[in-house]
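Listed below are the residues making up each chain.
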Amino acid sequence: MTRKFEKHEALWAKLAANPEARLPVIVRFDMPALPGAASFASPAAADEAHTKAIRAAQDRILAATFPQGALSSAAAAEKNLKRMDFSPMFGILASADEIARLATDPNVTLIQEDRLSKPSLNESLPLIQMPAMYAAGATGNGHHVAVLDTGGRRSHQFLSSRINSEACYNTTGIQGSVSQCPGGASSSTATGSGEDCTASNIYGCGHGTHVAGTVAGYNTAPASGQPTSGVARDARLISINVFSRFPANSSSPCGAIPGYTHCVLTFDTDQIRGLERVYALRNTYKIAAVNMSLGGGEVSAHCDNDARKPIIDQLKAARIATVIAAGNDGYDSAVGAPGCISSAVTVGSSTKWDFRSDFSNWGNLIDVVAPGSDIYSSYINGSANNYFSFSSGTSMASPHVAGAFAALRNAFPNATVDQIENALKSTGEGISSAGVVKPRINVNDARIVLGGGTPPPPPTGPANNHFVNRITVPLPAVGGTRTVTGSNVGGTAEGGEPIHAGKHSALNSVWWRYTPTASGPITIDTLGSNFDTVLAVYRGSSVGSLAEVASNDDADYYTIQSQVRFNATAGVEYQIAVAGYMNEAGNIRLSVHGGVAAAPANDNFVDRQNVNPPSRAGSRRTVAGSTVLATAERFEPYHAGWRNSRNSVWYRFTPQSTGRVTIDTRGSDFDTILAVYSRNSLRHLTEVASNNNTVGLGRQSRVSFRALAGRQYQIAITGYANRGGNLRLNITGGEPVRRSSALDNTAAADRVNGPSAPSQAVDGISSNAAAQSVSPSAATLPLLQQGKPFRRAGDTNDIATGLKPAPTSSVDGVKLLSTVVASNTDGVLPGGGGESVAMLAVTNAGSRAARVTAELSFVSADGVSIPVPAGLSICRTDASNGRCVGVKATSVVFDAEPDRVITFAAFASSREDVSALQSGHGVLQVRFRQGNDTIGTASLEIGGTHVIGSL
């Protein structure tokens, strides 16, 4: 009996682990004998007889296994019974006992597990020769491609006139699955059945919309940079949703997916039902191909016992190709199922430079290759119907081939699937990887071969000899020049090419293209080339429809090289032709200056923008910015673990109080990724928190964490899949302490005691510090800066503009700011001892961390250092509570990190020490030095009138 089970050991192991469990399986039987189609009155009658025979065989098997009435409509739904119309099989949810009874039926030939699969353009169309196909009238007109995927958004401007038929086949109740068909039904062919999911919390939504656009999208009014069409620009689509929704957690088939609560997966049986729907429509529409950008597993040999093969064979006999993505696991000699089926057309992915895409599966099971890296097509973004996005994968390659089948079927309606496939194979551009060469499709050459002709030989001149093979000139640095080199030796003119700079003898051209990111003047020249050049710049997308922008033969009377200047428009692609006067040829040096927008000022970690804490509890600090043209740096981490998001900008934030801080990107206009780190070196960052999408914020991000006062946190914001846009960064928490942070708590042995005083804010640091004076006559002193008292600005206690402490001299990048934060400089330490205290804080405003020593010194009236009186000491304090960190001594060594606030307290242990200081014979100073260099001092005259020294 075990011979009837595919992978029976694994199947029984799953059932043995939970005897009460039921497993979704596919029960297969032999195809019933049927008369030839010609013996029926019509194709519809033949299909009806086919379906009746299949259903009769299903009924016999089910009746022999299950009690009478056990498969009523309600029972059939409970057992998830899926009857096929054209394939000799059915799907059912069965227990171990039921599966064993099914296996004893002599009519049953094979029992397989109903497995799950996952969803696996402007520059790509010229690469596969589609402009030449359009010129020949092979556009896919009158033909359809069925897309079995997550559905297609029919209201999208790229698809609004493309989708002619829809269907949905989903499953509910197995491993948490929920049908996304209208009304939660198991199947539907009503209008709207093939609609794509749009929820931002479901991983996989938008996949089908992108695939459908690549096959046959058409843009009636493309905005700048948008694609004009898919591959078969005049074909139509049949959109079939075969993906059910599953929870995304550690116990579901999806697994846990950061930023998402659900994912979409598809059962084999739902794919079979979708393929059968295509077969049923074969007499209603002219269907050229089915695209299946889905699959999984690692298969290194043909898997012709796969349950999907019978219906794929029937489609092939009806001249409908089933085109399947090879998978994105990077296997060198394997593909995913169902791409392993021999009668399918299995597609690997290449780059636009004809290399194997690094993610693409490869090997002998690959049939053809198509571009699949960075394909720009329609996508889902909320309710927007004009959103496009770049995606990569064999899922993007296979729709190029499905569209090619439609275009070639348009030219050759009677060609078989094998004839078209063989034409694509024999004319493709060979791509070698892992010891296997596979053909990247050249669709127009395949058309010529199908017509009995011979494709033109590949060009023997430079790689950019023809307009369609023009080379992209990368953007220069802002204010810089980008220089590329090449040659026009062997270059030729092509049909429809304009006369460059009016020189009819300049016919050996080569081509580049350049797209500025900023509008303004651009200079292009060939200075440094070793022959007499002719230079021309055009606008337009095909060689026969170019409009000249600027041209030149000689830059000046003495120079035989060329130079042009013109005002360019951002986002417009300019075509550059270089030829030789009188067909001279040689080495070309082409330089481009201008047209580059600056990256954001905080693109690099070292230039991160400071964000001040909110001014008070309950308020929010918001800053605006942009990630447009942002880049990643060497050693930069993958934010939130996303490797496809490398356009980050940086901020830094130093809370003034310890507690919960929440940071989000609400209000940004793109899909953000947010990460927060500690430490001040890009290479050694430690992640504190990160997030992609947050429920309730759509595609924006939010993190929350416990922050420590005075610690600097680094904030990175990037776009998912490098999407860019305008961002808003919102921070709550970390506001200044509104209570006496160092002087309220009388219970702490090393904390200063005294009544509250009005809050002072110093360079963003706020404190209510006050002290009980030793002498009743001691005056409450204002904070001074260059002789001026700080003052409040409104009710926020912010310091007025222009009154921030000035930096001292710099030593190795350290610029120390020191500021007394007590509003009165002397006090009594509780718990006995009668110590007086002065509180102060310092900040390193430089760019690098440094080891600094803070030490007490006593300076006489004439500026001479004298021994520090006994009983004087200093300690570093915790900014959040005023407690001494470590022992009190005459000096403290500490690490001064950039922008981190560090607080200290200076003590006099007896009244005599205070009297000595008040005698006028000297001044107590806290001196800050790096090595032997003094980088700042703060003088403390207890009872005097001067509380900030030389800063």
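Remember, it's a predicted structure, so these values are computed and weren't measured experimentally. Note that residues are indexed from 1 along each chain, following the sequence as it is written. Only residues with pLDDT of at least 70 are given local features in this predicted model, and only at 80 or more are side-chain atom pairs given and counted; all residues enter the totals for whole chains, interfaces and linings. For the side-chain quantities, the full set of heavy atoms in the structure was used; hydrogens and water were omitted.

Asker: So what exactly am I meant to see when it comes to the overall build of the protein chain here?
Answerer: In terms of regular secondary structure, the protein chain is built from 13 helices and 56 strands. Using a 1.4 Å probe, the Shrake-Rupley method yields the accessible areas, and only the shown protein chains count as cover for residues. As displayed, the protein chain has an accessible area near 37800 Å², and 49% of this comes from carbon and sulfur atoms. Labels follow the DSSP assignment, with helices taken as runs of H or I lasting at least four residues and strands as runs of E lasting at least two, numbered in each case from the N terminus.

Asker: Looking at this structure, I do not really get the state of the cysteines. What am I missing?
Answerer: One way to say it: the disulfide is the covalent bond shared by the sulfur atoms of two cysteines. Pairs of cysteine sulfur atoms within 2.5 Å are identified as disulfides in what follows. In this structure the tally under the stated criterion is 5 disulfides. Residue Cys254 pairs covalently with Cys263 via a disulfide, S to S 1.8 Å. Since a negative S-S torsion denotes a left-handed disulfide, the Cys254-Cys263 link at about -75° is left-handed. Since its relative accessible area comes to 17%, Cys254 is described here as buried. Burial classes follow relative accessibility: with a 1.4 Å probe on protein chains only, a residue under 20% of its type's maximum area counts as buried, one over 50% as exposed, and anything between as partly exposed. Since its relative accessible area comes to 4%, Cys263 is described here as buried. Paired by a disulfide, Cys875 and Cys884 hold their sulfur atoms 2.1 Å apart. Negative torsions about the S-S bond denote left-handed disulfides, and the value of about -65° found for Cys875 with Cys884 makes this one left-handed. Both residues of the pair, Cys875 and Cys884, belong to the buried class. Here the disulfide map of the protein chain reads 1-2, 3-4, 5-6, 7-8, 9-10, the bonded cysteines being numbered as they appear in the sequence.

Asker: How should I be thinking about the packing of aromatic side chains in this particular structure?
Answerer: For any two aromatic rings, the description comes down to two numbers: the centre-to-centre distance and the angle of the planes. Any Phe, Tyr or Trp ring, taking Trp's six-membered ring, that has another such ring centre within 6.5 Å forms a pair; planes under 30 degrees apart are called stacked, those over 60 apart edge-to-face, and the others tilted. Evaluated as defined, the whole model comprises 15 aromatic pairs. On the basis of an interplanar angle of 75° and a centroid distance of 5.3 Å, the ring pair of Phe158 and Phe388 is categorised as edge-to-face. In this pair, Phe158 sits in the loop between β6 (144-149) and β7 (163-169) while Phe388 sits in strand β20 (residues 388-391), placing the two residues 230 residues apart along the sequence. Residue class for Phe158 comes out buried when judged on its relative accessible area of 0%. Aromatic rings pair up to connect Phe158, Tyr376, Phe388 and Phe390 into one cluster. In this structure, Arg233 is placed above the aromatic ring of Tyr134, and the distance from its NZ or CZ to the ring centre is 4.2 Å. Two conditions define a charge located above a ring, namely a distance within 6 Å from the ring centre to NZ of Lys or CZ of Arg, and an angle within 35 degrees of the ring normal. For the cation-ring pair, Arg282 lies above Tyr279, with the distance from its terminal atom to the ring centre recorded as 3.8 Å.

Asker: Quick question: what am I supposed to make of the environment of Ser615 here?
Answerer: With respect to the secondary-structure elements, Ser615 resides in the loop between β32 (609-611) and β33 (621-626). Looking at Ser615, the relative accessible area reads 14%, which means it is buried. C-alpha separation for the pair Ser615 and Gly733, spaced 118 residues apart in sequence, amounts to 9.5 Å. Polar contact criterion, stated in full: a pair of N or O atoms within 3.5 Å, where within protein one must be able to donate a hydrogen and the other to accept it, and residues adjacent in sequence count only if both atoms are side-chain atoms. Only 3.4 Å separates the side chain of Ser615 from the side chain of Arg616, close enough to count as a polar contact.

Asker: How should I be thinking about the pattern of salt bridges in this particular structure?
Answerer: When the charged atoms of two side chains with opposite charge come close together, those side chains can pair. When a carboxyl oxygen of Asp or Glu is within 4 Å of a side-chain nitrogen of Lys or Arg, the pair counts as a salt bridge. Tallied over the full model, the rule gives 25 salt bridges. With a closest N to O distance of 2.8 Å, Arg22 and Glu78 form a salt bridge. Placement of Arg22 in strand β1 (residues 22-29) and of Glu78 in helix α3 (residues 73-78) is noted, with a sequence separation of 56 residues between them. Given the relative accessible area of 45%, Glu78 is considered partly exposed. Through salt bridges with shared partners, a single network forms among Arg115, Asp268, Asp306 and Arg308.

Asker: When you look at unusual backbone geometry in this model, what are you seeing that I'm missing?
Answerer: Glycine aside, the phi torsion of most residues is negative, and most peptide linkages are trans. With an omega dihedral of 10°, the bond running from Ala337 to Pro338 counts as a cis peptide bond. The phi dihedral of Ala640 is positive, around 55°, even though this residue is not glycine. Here Ala640 shows up in the loop between β33 and β34 (649-653).

Asker: Please explain the side chain of Ser177 as it appears in this structure.
Answerer: Position of Ser177 among the secondary structure elements: in the loop between β7 and β8 (187-188). Whether two residues are in contact is decided by their heavy atoms, any of which lying within 4.5 Å being enough. Excluding its chain neighbours within four sequence positions, the residues that come into contact with Ser177 are Thr171, Thr172, Ser244, Arg245, Phe246 and Phe267.

Asker: Just checking my understanding: could you explain the sheet that holds strand β29 (residues 563-568) for this structure?
Answerer: Pairing between the strands of a sheet comes from backbone hydrogen bonds, and it takes one of two forms, parallel or antiparallel. Two strands form a pair only when DSSP identifies at least two bridges running between them. An order of β24-β31-β26-β29 is seen for the 4 strands of this open sheet, with the pairing classed as antiparallel. Two strands close off the open sheet at either side, each with one partner strand: β24 (481-487) and β29. Across this sheet, the average inter-strand angle for adjacent strands is 20°, counted without regard to direction. As judged from the 3 bridges shared by strand β26 (residues 520-525) and strand β31 (residues 587-593), these two strands associate in the antiparallel manner. Each bridged residue has a counterpart across the sheet, and for Thr523 the counterpart in β31 is His593. Lines are fitted to the C-alpha atoms to define the axes, a helix being fitted only along its stretch in contact, and any angle between axes, read from their N-to-C directions, falls within 0 to 180 degrees.

Asker: Which parts of the structure should I look at to understand the sheet that holds strand β4 (residues 108-113)?
Answerer: Here 4 strands make up an open sheet; going across it, the order is β2-β3-β1-β4 and the pairing antiparallel. Of all strands in the sheet, those with a lone pairing partner are β2 (82-83) and β4, marking the two edges. The sheet contact formed by β1 and β4 spans 5 bridges and is antiparallel. Its bridge partner lying in β4, Ile26 is registered against Gln112. Against the sheet, helix α2 (residues 43-65) engages β1, β2, β3 (89-95) and β4, with an angle of about 20° to β3.

Asker: Looking at this structure, how should I read the UniProt feature "active site" (unreviewed entry) in the protein chain?
Answerer: UniProt positions are given in the numbering used here, feature names are shortened, and annotations may be inferred rather than shown by experiment. When the UniProt feature table is mapped to this numbering, "active site" (unreviewed entry) covers Asp149, His207 and Ser395. The annotated residues occupy 247 residues of the chain but converge on a single region, no pair of C-alpha atoms lying more than 10.0 Å apart. Its location among the elements puts Asp149 in strand β6. By relative accessible area, which is 0% here, Asp149 ends up buried. Aside from chain neighbours lying at most four places away, what touches Asp149 is His207, Gly208, Val211, Ile240, Asn241, Val242, Phe243 and Ser293. Within the structure, the side chain of Asp149 is placed 2.7 Å from the side chain of His207, a separation counted as a polar contact. Among the secondary structure elements, Ser395 is positioned in helix α10 (residues 394-411). A residue is classified by how much of its surface remains accessible, and Ser395, at 0% relative accessible area, is buried.

Asker: Would you mind showing me how to read the side chain of Ser377 here?
Answerer: Take Ser377: it is sitting in strand β19 (residues 375-378). Of the polar contacts made by the side chain of Ser377, one reaches the backbone nitrogen of Thr214; its length is 3.3 Å.

Asker: Honestly, the packing of helix α8 (residues 268-280) against helix α9 (residues 309-317) in this entry has me stumped. Any pointers?
Answerer: Running from N to C, α8 and α9 point in directions that differ by 20°, and their axes come no closer than 10 Å. One finds that α8 runs roughly parallel with respect to α9. Pair α8 / α9 crosses with left-handed handedness. Along its contact with α8, which presents Ile272, Leu275, Glu276, Val278 and Tyr279, the element α9 presents Ile311, Ile312, Gln314 and Leu315. All amino acids are sorted into three groups, where Ala, Val, Leu, Ile, Met, Phe, Trp, Tyr, Cys and Pro are nonpolar, Asp, Glu, Lys and Arg are charged, and the leftover types, Gly among them, are polar. Class assignment for the residues of the contact of α8 with α9 results in 7 nonpolar, 1 polar and 1 charged. Each angle is binned into one of four classes, with values under 35 degrees roughly parallel, values over 145 roughly antiparallel, values of 65 to 115 roughly perpendicular, and all other values oblique. A crossing counts as left-handed when the near helix is turned anticlockwise from the far one by less than a right angle, and as right-handed when that turn is clockwise.

Asker: Before we go on, may I ask you to explain the environment of Asn386 in this structure?
Answerer: Mapped onto the secondary structure, Asn386 falls in the loop between β19 and β20. Linking Asn386 and Pro222, residues 164 residues apart in sequence, is a C-alpha distance of 9.3 Å.

Asker: Which parts of the structure should I look at to understand the confidence of the model for the protein chain?
Answerer: Any segment with low pLDDT has predicted coordinates that should not be analysed in fine detail. Here the protein chain averages 82 in pLDDT, while 82% of its residues score no lower than 70. The quantity called pLDDT is the predictor's confidence in a given residue, expressed from 0 to 100. Predicted confidence is poor over residues 941-951, with pLDDT under 50, and the contacts of this stretch with residues over four places away or in other chains come to 40 contacts.

Asker: Looking at this model, I keep getting lost on helix α11 (residues 417-427). Mind explaining?
Answerer: An α-helix turns once every 3.6 residues. As a result, residues three or four positions apart point the same way. Inspection of α11 places Val417, Ile420, Glu421, Ala423, Leu424 and Thr427 among the buried residues, and these make up the whole buried set. Around the axis of α11, the buried residues are gathered within 160° of arc, so they sit on the same side. Directions from the helix axis toward the C-beta atoms define the arc.

Asker: How do you make sense of a positive patch on the surface when you look at a structure like this?
Answerer: The residues that make up patches have over 30% relative accessible area and no salt bridge, and they are joined within 9 Å when like-charged or within 5 Å when they are Val, Leu, Ile, Met, Phe, Trp or Tyr. His is not counted, nor are the chain ends; Lys and Arg add positive charge and Asp and Glu add negative charge. All charge positions are set by atom: Lys at NZ, Arg at CZ, Asp at CG, Glu at CD. There is a patch of like positive charges on the surface, built from Arg620, Arg666, Arg702 and Arg728. Note that Arg666 resides in the loop between β35 (659-664) and β36 (672-678).

Asker: Would you mind going over the packing of α10 against helix α12 (residues 443-450) with me for this structure?
Answerer: Packed helix pairs are specified by the crossing angle of their axes together with the interaxial distance, meaning the distance between the axes. Where α10 contacts α12, the two axes come as close as 10 Å, and the packing angle between them is 30°. By the angle between their axes, α10 is roughly parallel relative to α12. Regarding α10 and α12, the two cross each other, and that crossing is right-handed. For the pair formed by α10 and α12, the contact residues are Ala404, Leu408 and Ala411 on the first element and Val443, Ala446, Arg447 and Leu450 on the second. A per-class count over the contact of α10 with α12 returns 6 nonpolar, no polar and 1 charged.

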